[in-house]
Every structure is written in structure tokens, then in C-alpha cells.
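Summary of the model geometry
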Amino acid sequence: MKILVINGPNLNMLGIREPDHYGKETYQDLVAKIENHCKQKNIDVELFQSNHEGDLVDKIQQAYGNTDDIVINPGAYTHTSIAILDAVKSVNIPTVEVHISKVEEREDFRQISYVRLACVKTITGHGTDGYLEAIDFLTEGK
Ligand code: DQA
């Protein structure tokens, strides 16, 4: 069982950026939390973060044939990127969309999610625990 966890732009700034929305844990804290969770569950996990849309598309494409499931938080590209939507559709790998904040209670422009159209589930507003819930859903609950 291999899971790829992808984080988009500015998620490397966790702990620094807007703590009221995203909390105080850093990206490294998030990586450690996910790795520990997966170790306990015997899941092979790879984490990837990029601020660049094309790099996110490349990573999703490279998952084809190499990864069983994907957890993705595309950051602001959630609301703009048809390319990321098409990439997830292309590889046809079960994918869960995660947002740390409760996007549905924020600005109008955050109400659109393109990637959601290709995802089996969306988790919002559960902080970084949302990533673990996504992993559990993909490995136990599908
Ligand atoms: C986010 C929500 C997005 O609207 C925002 O652009 C982010 C983070 C979240 O995790 O809550 O960068 O995806």
C-alpha cells in the first residue's frame, strides 16, 4: 500500500502563515505527523510539496502505476487549476482533497474547487488531522 501526499503553494509556510486559519504546526511537523501515522499502520508514504503548478501536475502524472492512493491539498490552486483536475482525472488514482481550514466558511473565491470533481472525498476544517483522516479513509474506508 503506497500513498502519495501532495501539498501545493504556501503550505511550506505552515506555522508562519495566518495561524488563525492554519494553526501553529510547521510543514515539518506535518511531515512527521503523517510519517508516524503511516509507520504505525504499515503504509508506505511519500510526501511532496511544491509552489509550482506544473511540478504538481508532473508529480501526479508520475504517480501513475506507482501509487495506490493520493491525498492532495492543492492550496490556492484548488480554486484555479483545471490542469491539476485533469492530472488527477488522467491517472485515475483514488484521491482525497484536504483543506486545513474550513474553506466553505471563507471568501467566495474559495468556494470553487476544481480538483474536487476528481476526488472521492473532501475533508475541510479539521486542521492537519484532516490528512490522517484522508489516509485512513483511503486505506480502510473506501
Ligand atoms: C487551503 C485553503 C486554500 O484556500 C488556501 O489557498 C490554502 C490552504 C487549506 O488548507 O485550508 O493555501 O487549501
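Scoring rules and cut-offs
- Residues numbered from 1 in each chain as written.
- Predicted model: local features only at pLDDT ≥ 70, side-chain atom pairs only at ≥ 80, totals over all residues.
- Heavy atoms only, no water.
- Helix = DSSP H or I, 4+ residues; strand = E, 2+ residues; numbered from the N terminus.
- Rg over C-alpha atoms; globule rule 2.2 N^0.38 Å.
- Buried < 20%, exposed > 50% of the residue type's maximum accessible area, 1.4 Å probe, protein only.
- Contact = heavy atoms within 4.5 Å.
- Areas by Shrake-Rupley, 256 points an atom, 1.4 Å probe, with all protein chains shown as cover.
- Lys, Arg positive; Asp, Glu negative; His and termini not counted.
- Charge placed at Lys NZ, Arg CZ, Asp CG, Glu CD.
- Pairing = 2+ DSSP bridges.
- Axes fitted to C-alpha atoms, helices over the stretch in contact; angles between N-to-C directions.
- Parallel < 35°, antiparallel > 145°, perpendicular 65-115°, else oblique.
- Salt bridge = Lys/Arg side-chain N within 4 Å of Asp/Glu carboxyl O.
- Polar contact = N/O pair within 3.5 Å; in protein donor to acceptor, adjacent residues only side chain to side chain.

1. Considering the overall build of the protein chain
- Within the protein chain, the regular secondary structure consists of five helices and five strands.
- The linear arrangement of helices and strands in the protein chain, starting from the amino end, is β-α-α-β-α-β-α-β-β-α.
- Its C-alpha radius of gyration of 14 Å places the protein chain within 12% of the 14 Å reference for a compact globule of 142 residues.
- Projecting the C-alpha coordinates of the protein chain onto the three principal axes gives extents of approximately 35 × 30 × 25 Å.
- Counting over 142 residues, the protein chain shows a buried share of 47%.
- Residue pairs in contact within the protein chain that sit at least 24 positions apart in sequence constitute 74% of those at least 6 positions apart.
- In the form shown here, the protein chain has an accessible surface area of approximately 7100 Å², with 46% of it arising from carbon and sulfur atoms.
- Of the charged side chains in the protein chain, 14 are positive and 22 negative; the average position of the first set lies 2 Å away from that of the second.

2. Description of the environment of Glu-105
- Summarising the element assignment, Glu-105 is placed in the loop between β4 (95-99) and β5 (121-124).
- Its relative accessible area of 61% is what places Glu-105 among the exposed residues.
- Separated by twelve residues in sequence, Glu-105 and Leu-117 place their C-alpha atoms 20 Å apart.

3. Remarks on the sheet that holds strand β1 (residues 2-7)
- With parallel pairing, the five strands of this open sheet are ordered in space as β2-β1-β3-β4-β5. Every other strand in the sheet has two partners, leaving β2 (44-49) and β5 as the edge strands with one partner each. Neighbour-to-neighbour, the strand axes of the sheet open up by a mean angle of 20°, direction not taken into account.
- Across four bridges, β4 lies against β5 in parallel orientation. From the neighbouring strand, Val-96 faces β5, where its bridge partner is Lys-121.

4. Some thoughts on the packing of helix α3 (residues 53-62) against helix α4 (residues 82-91)
- Two numbers describe how α3 lies on α4: the axes approach to 9 Å, and their chain directions differ by 5°. Here α3 lies roughly parallel to α4, going by the angle between them. On α4, the residues touching Glu-53, Leu-56, Val-57, Ile-60 and Gln-61 of α3 are Ala-83, Ile-84, Ala-87, Val-88 and Val-91.

5. Quick word on the pattern of salt bridges
- By the definition in use, this model includes ten salt bridges.
- As a salt-bridge pair, Arg-116 and Glu-97 come within 2.7 Å of each other at their nearest N and O atoms. With a gap of 19 residues between them, Arg-116 in the loop between β4 and β5 and Glu-97 in strand β4 connect regions that are remote in the sequence.
- Classification of Arg-116 by relative accessible area gives partly exposed; the value is 32%.
- Glu-97 sits in the buried class, given a relative accessible area of 0%.

6. Quick notes on the side chain of Asn-7
- Residue placement: Asn-7 occurs in strand β1.
- In terms of polar contacts, Asn-7 uses its side chain to reach the side chain of Tyr-131, at 2.5 Å.
- Other than its neighbours up to four places away in sequence, Asn-7 contacts Tyr-27, Leu-30, Phe-48, Gln-49, Ser-50, Leu-56, Asn-73 and Tyr-131.

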